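Residues per chain, in single letters:
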Amino acid sequence: MKVIFIKDMKGQGKKGQVKEVSEGYAQNFLLPRGIARIATDGNMKTLDNQNAAEERRKQEEKAEAEALGKKLESEVTELKAKSGEGGRLFGAITSKQIAEALAAKGLKIDKRKIELDEPIRTLGVTQVSVKIHPEVKATLKVQVTEE
């Protein structure tokens, strides 16, 4: 019997997958628990429509991420910090501070998406990589000035 999995089932199949299983297993276990549906023509069309909608949603997310990436690359984020001799900072600029400065500009970026190997400890402009989407990365310019 062919079934369409509605939920992930370890060892059997993932959500949206069409698979051949024994009739007893489907009738007695999968269907009553709502884990799978029988693969009829109507259910197959519904699955195709859901997959197409999911693909469109992913494309829209990627397009939004690319637009945000271009906006980030065109702007310079300015942060102020106290510094000593030679342009060394008292303390450091972290990804959290960068995310807060971006939020003040109206750009909501999660601090975990800002890829900062180590905190910024000097004055000047620093290039920081931001992973907006699994397929989209942008380079943000952070300018640290003296307070």
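Residues numbered from 1 in each chain as written. Predicted model: local features only at pLDDT ≥ 70, side-chain atom pairs only at ≥ 80, totals over all residues. Heavy atoms only, no water.

Under an unreviewed UniProt entry, the name given to the chain is Large ribosomal subunit protein bL9, and the source organism is Paenibacillus amylolyticus. You can read under Sequence similarities (unreviewed entry) in the UniProt record for the chain the words "Belongs to the bacterial ribosomal protein bL9 family." Under the UniProt heading Function (unreviewed entry), the entry covering the chain gives this text: "Binds to the 23S rRNA." (UniProt positions renumbered as here; feature names shortened; annotations may be inferred.)

**Q** Give a detailed account of helix H3 (residues 95–104), specifying residues and quantitative values.
**A** Where H3 is concerned, the buried positions are Ser-95, Ile-98, Ala-99, Ala-101 and Leu-102. Down the axis of H3, the smallest arc covering the buried residues is 160°, so these residues share one side. (Buried < 20%, exposed > 50% of the residue type's maximum accessible area, 1.4 Å probe, protein only. Helix = DSSP H or I, 4+ residues; strand = E, 2+ residues; numbered from the N terminus. Arc of directions from axis to C-beta.)

**Q** Hey, could you go over the layout of surface pockets for me, with residue numbers and the actual values?
**A** Volume-wise, the largest pocket comes out at about 360 Å³. Surrounding the largest pocket, 16 residues form its lining, Lys-15, Gly-16, Leu-47, Gln-50 and Asn-51 being those nearest its centre. Elements supplying a minimum of two residues to the lining of the largest pocket: strand E1 (2–5) and helix H2 (41–74). For the lining of the largest pocket, the leading source of residues is H2, giving 8 residues. A per-class count over the lining of the largest pocket returns 4 nonpolar, 5 polar and 7 charged. (1 Å grid on protein atoms, 1.4 Å probe; cavity = no way out; pocket = protein on both sides within 12 Å on 5 of 7 lines; lining within 4 Å. Points joined across faces, edges and corners; volume = space filled by probe spheres on them. Nonpolar A, V, L, I, M, F, W, Y, C, P; charged D, E, K, R; others polar.)

**Q** Outline the pairing of strand E9 (residues 136–146), supporting the account with residue identities and numerical values.
**A** For a regular strand, side-chain orientation follows a simple rule: the groups alternate between the two sheet faces. In this structure, strand E4 (residues 76–81) lies alongside E9, joined through 6 bridges in parallel fashion. Within E9, the position partnered with Lys-80 by the bridge is Thr-145. Sheet topology places strand E8 (residues 124–133) next to E9; 9 bridges connect them, and they run antiparallel. Bridged to Gln-127 within E9 is Lys-141. (Pairing = 2+ DSSP bridges.)

**Q** Quick rundown of the sheet that holds E1? Include the residues and the values.
**A** What the 3 strands build is an open sheet, ordered E2-E1-E3; its pairing is antiparallel. This sheet does not close on itself; its edge strands, each paired only once, are strand E2 (18–20) and strand E3 (36–38). Each strand of the sheet is rotated relative to its neighbour by a mean of 35°, with strand direction disregarded. Note that E1 and E2 share 3 bridges and pair antiparallel. Across the sheet, residue Lys-2 finds its bridge partner in E2, namely Glu-20. H2 rests against E1, E2 and E3 of the sheet, and its axis sits at about 30° to E1. (Axes fitted to C-alpha atoms, helices over the stretch in contact; angles between N-to-C directions. Contact = heavy atoms within 4.5 Å.)

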